[in-house]
Structures are given as C-alpha cells and as structure tokens.
Amino acid sequence: AQSVTQLDSQVPVFEEAPVELRCNYSSSVSVYLFWYVQYPNQGLQLLLKYLSGSTLVKGINGFEAEFNKSQTSFHLRKPSVHISDTAEYFCAVSLMDTGRRALTFGSGTRLQVQP
Amino acid sequence: DAGVIQSPRHEVTEMGQEVTLRCKPISGHDYLFWYRQTMMRGLELLIYFNNNVPIDDSGMPEDRFSAKMPNASFSTLKIQPSEPRDSAVYFCASSFRGGNNEQFFGPGTRLTVL
C-alpha cells in the first residue's frame, strides 16, 4: 500500500521569505505526484504535478517542486511568499499502471505567511 | 466549464435524519470520486466510480453510507441515519481517462450533524 507523509503540520514564515514544504511517500510501484492547495472554505486546487521527465516541476503562483526518486520525496518550494499564499497544502500520490485511480493524500501542511 | 458542482454547500441536520449530498462532475470526465475531510483523519477516499459504475467502495465507513451515480452527470452520497461523527466536509472530484489521474475538486459540502 502507498502512503504520504507531510512532516510539518504548520509552517509559519514571513512575507517575501522562501519556504519549503516537505513531502515523502512510500510505494511499491511507480507513482504520479501532486501538490494541491486549499484556501479557507474552498475545495482543492492543483498546484503542480509530476508525471515523468524532468524532476523539477513548475506550477501556478510561482511554486515549484522537485522529485527525488532515491529519497522518495517531492518537496514544494517558493522563493518568496506572499500573504495570499496562506493556505493548507496537500501532497498526494496516485499509482501508475495499476488501474487504480484514487489519490492518497498526506495530512496537510498549513502555511501561515506573516507580514 | 463550470467545474465540479456540489450541493448543498452547507447542511445542518439532527442526528437520525437522512442526508443527501449531490455532485455534478465536469462534462466528459469518466471518473467521479467522493472524499471526506475531517480534522482527525484528513482527506479520505470514500468511493469512486468509472463510467457510472462503482469501482472501489472500501472507504465507505459503514452501511449507513451509500452512493449512486445514475448517469454521467450526477451522483449522490446518502447518509441514513446520520450521526454526529459524520460531521465533516465532503468533496466530490472528477477526472478523465487520459488525465494521469489529475482530479478536479468541487467546493465541498460542510455537513454538521447535531
């Protein structure tokens, strides 16, 4: 079975500072990787995804993530955060080539950007 | 496209009552998913459909929960009877066959069972 671990439940950061949100996964088969963002009282919105190819993936709102197969990680980064980035961020995996379509989510990281 | 549509957005009910949550997926999507989000358990998959057929319902908590998809543009999640521990945000999501399982989420239904 696959699992996703987000090590930090909350990350406080000052505006314009860089941030990294950590995600590690465990799976016996290859996976697709996703980062979703959830703003207060809203649904989940896709930030970026890794399917194959270049391990550095760029997404919306200036976010990027790097897939590291040896460390089974997919950390999310932004070089300079804004107040509007305050939200909850979820890492998720989906199994390749198994026919199973469900996403397995991490527990989420709450990013709190302070002025 | 309007995206995934869920109704109602908020539901408050009393223990023992029947609750029905509704979802309209994005047109052309083959897969529909129901998730539940709570503080204690995070985001959990309840059930998903492919071409209106339930594929995996192993996440459905118990017999009080049932889900249907009578056609490609409509699905319901029913709880009967409801209990306070069912209070959560319920999300519907959809994806299409060739999408590498990128899922598009609705705004959710916040259910409170008193």
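Residues numbered from 1 in each chain as written. Chains lettered and ligands numbered in written order. Predicted model: local features only at pLDDT ≥ 70, side-chain atom pairs only at ≥ 80, totals over all residues. Heavy atoms only, no water.

S.K.: Which parts of the structure should I look at to understand the overall build of chain B?
M.R.: Helix and strand counts for chain B stand at zero helices and 11 strands. Relative to its length of 114 residues, chain B is compact, with a C-alpha radius of gyration of 13 Å against a globular reference of 13 Å. Seen through its principal axes, chain B has C-alpha atoms that stretch 40 × 25 × 25 Å. Relative to its full complement of 114 residues, chain B shows a buried share of 50%. Sequence separation of at least 24 residues holds for 54% of the intrachain contacts in chain B that already meet a minimum separation of 6. Carbon together with sulfur atoms contributes 50% to the accessible area of chain B, which is approximately 5600 Å² in total. (Helix = DSSP H or I, 4+ residues; strand = E, 2+ residues; numbered from the N terminus. Rg over C-alpha atoms; globule rule 2.2 N^0.38 Å. Buried < 20%, exposed > 50% of the residue type's maximum accessible area, 1.4 Å probe, protein only. Contact = heavy atoms within 4.5 Å. Areas by Shrake-Rupley, 256 points an atom, 1.4 Å probe, with all protein chains shown as cover.)

S.K.: For this particular structure, what's the right way to read the environment of Leu 7 of chain A?
M.R.: Residue and element names in this part refer to chain A. Looking at where Leu 7 falls in the secondary structure, it is placed in the loop between β1 (3–5) and β2 (10–14). According to the relative accessible area criterion, Leu 7 is partly exposed, its value standing at 48%. For the pair Leu 7 and Thr 104, spaced 97 residues apart in the sequence, the C-alpha separation amounts to 16 Å. With residues up to four places along the chain from it excluded, the contact list for Leu 7 reads Arg 22 and Asn 24.

S.K.: What's the story with the nonpolar core in this structure? I'm lost.
M.R.: Soluble globular proteins tend to pack their nonpolar side chains together in the buried interior. Leu 33, Trp 35, Leu 47, Leu 48, Phe 74, Leu 76 and Tyr 89 of chain A are the most contacted members of the largest nonpolar core, which has 29 residues in total. Apart from residues no more than four positions distant in its own chain, Leu 47 of chain A is found in contact with Trp 35, Tyr 36, Val 37, Gly 59, Ile 60, Asn 61, Phe 63, Leu 76 and Tyr 89 of chain A. (Core = buried A, V, L, I, M, F, W, Y, C linked by side-chain atoms within 4.5 Å.)

S.K.: How should I be thinking about the packing of aromatic side chains in this particular structure?
M.R.: Think of a pair of aromatic rings as described by two things: how far the centres are apart, and how the planes are tilted against each other in angle. Residues and elements named next belong to chain B. If you walk through the whole model with that rule in mind, you get 15 aromatic pairs over all chains. Note on Tyr 35 and Phe 105: the rings are 5.4 Å apart at their centroids and 35 degrees apart in plane angle, and the pair reads as tilted. One end of the pair, Tyr 35, is in strand β4 (residues 31–38); the other, Phe 105, is in strand β10 (residues 104–105), and 70 residues separate them in sequence. The burial state of Tyr 35 is the same as that of Phe 105; both residues are buried. The interplanar angle of 80 degrees and the centroid separation of 6.3 Å between the aromatic rings of Phe 91 and Phe 105 together place this pair among those described as edge-to-face. On the criterion of sequence distance, the pair formed by Phe 91 in strand β9 (residues 88–95) and Phe 105 in strand β10 is long-range, its members being 14 residues apart. (Phe/Tyr/Trp six-rings, centres within 6.5 Å; stacked < 30°, edge-to-face > 60°.)

S.K.: Help me out: how do you make sense of the sheet that holds strand β7 (residues 65–71) of chain B in this one?
M.R.: Adjacent strands of a sheet form backbone hydrogen bonds with each other and so pair up, either parallel or antiparallel. Residue and element names in this part refer to chain B. Across the sheet, which stays open at both edges, the four strands sit in the order β1-β3-β8-β7 with antiparallel pairing between neighbours. Of all strands in the sheet, those bounded by a partner on one side alone are β1 (5–7) and β7. In this sheet, adjacent strand axes meet at a mean angle of 15 degrees when their direction is disregarded. (Pairing = 2+ DSSP bridges. Axes fitted to C-alpha atoms, helices over the stretch in contact; angles between N-to-C directions.)

S.K.: Sorry if this is basic, but what is going on with the pattern of salt bridges here?
M.R.: A side chain of one charge can pair with a side chain of the opposite charge if their charged atoms are brought near each other. The full count for this structure, using the stated rule, is 16 salt bridges over all chains. Between Asp 8 of chain A and Arg 22 of chain A there is a salt bridge; the shortest N-O distance is 2.9 Å. Note that Asp 8 of chain A is positioned in the loop between β1 and β2 and Arg 22 of chain A in the loop between β3 (19–21) and β4 (24–26), a separation of 14 residues in sequence. Close ionic contact of Arg 85 of chain B with Glu 83 of chain B constitutes a salt bridge, the shortest N to O distance being 2.6 Å. Taking the relative accessible area as the measure of exposure, Arg 85 of chain B reaches 54% and is therefore exposed. (Salt bridge = Lys/Arg side-chain N within 4 Å of Asp/Glu carboxyl O.)

S.K.: Quick question: what am I supposed to make of the interface of chain B and chain A here?
M.R.: Accessible area lost when the parts come together is the quantity often used to give the size of an interface. Opposite the 22 residues of chain B that make contact, chain A presents 19 residues. Taken as a group, Leu 43, Asn 100 and Asn 101 of chain B account for 33% of the area that chain B buries against chain A, more than any other trio of residues on that side. Summed over the shared surface of chain B and chain A, the number is one salt bridge. Inspection of the region where chain B meets chain A yields eight residue pairs in polar contact (both at pLDDT 80 or more). Of all the elements, β4 of chain B adds the most residues to the side of chain B that touches chain A, at four residues. In terms of residue class, the side of chain B that touches chain A is built from 10 nonpolar, seven polar and five charged. (Buried area = accessible area lost by both parts, 1.4 Å probe. Polar contact = N/O pair within 3.5 Å; in protein donor to acceptor, adjacent residues only side chain to side chain. Nonpolar A, V, L, I, M, F, W, Y, C, P; charged D, E, K, R; others polar.)

S.K.: Sorry, what's going on with the pairing of β4 of chain B here?
M.R.: Residue and element names in this part refer to chain B. When you tally the buried positions in β4, you get eight out of eight residues, the bulk of the element. Judged by which residues are buried, β4 turns out to be covered on both faces: Tyr 31, Phe 33, Tyr 35 and Gln 37 on one side and Leu 32, Trp 34, Arg 36 and Thr 38 on the other are all buried. Alignment of β4 against strand β5 (residues 42–50), held across eight bridges, turns out to be antiparallel. The partner of Tyr 31 across the bridge, within β5, is Asn 50. Hairpin connection from β4 to β5: three residues lie between these consecutive antiparallel strands. Summarising the sheet, β4 and β9 pair through seven bridges and their orientation is antiparallel. Paired with Arg 36 across the bridge in β9 is Tyr 90.

Limitation: the analysis is restricted to geometry and does not speak to function.
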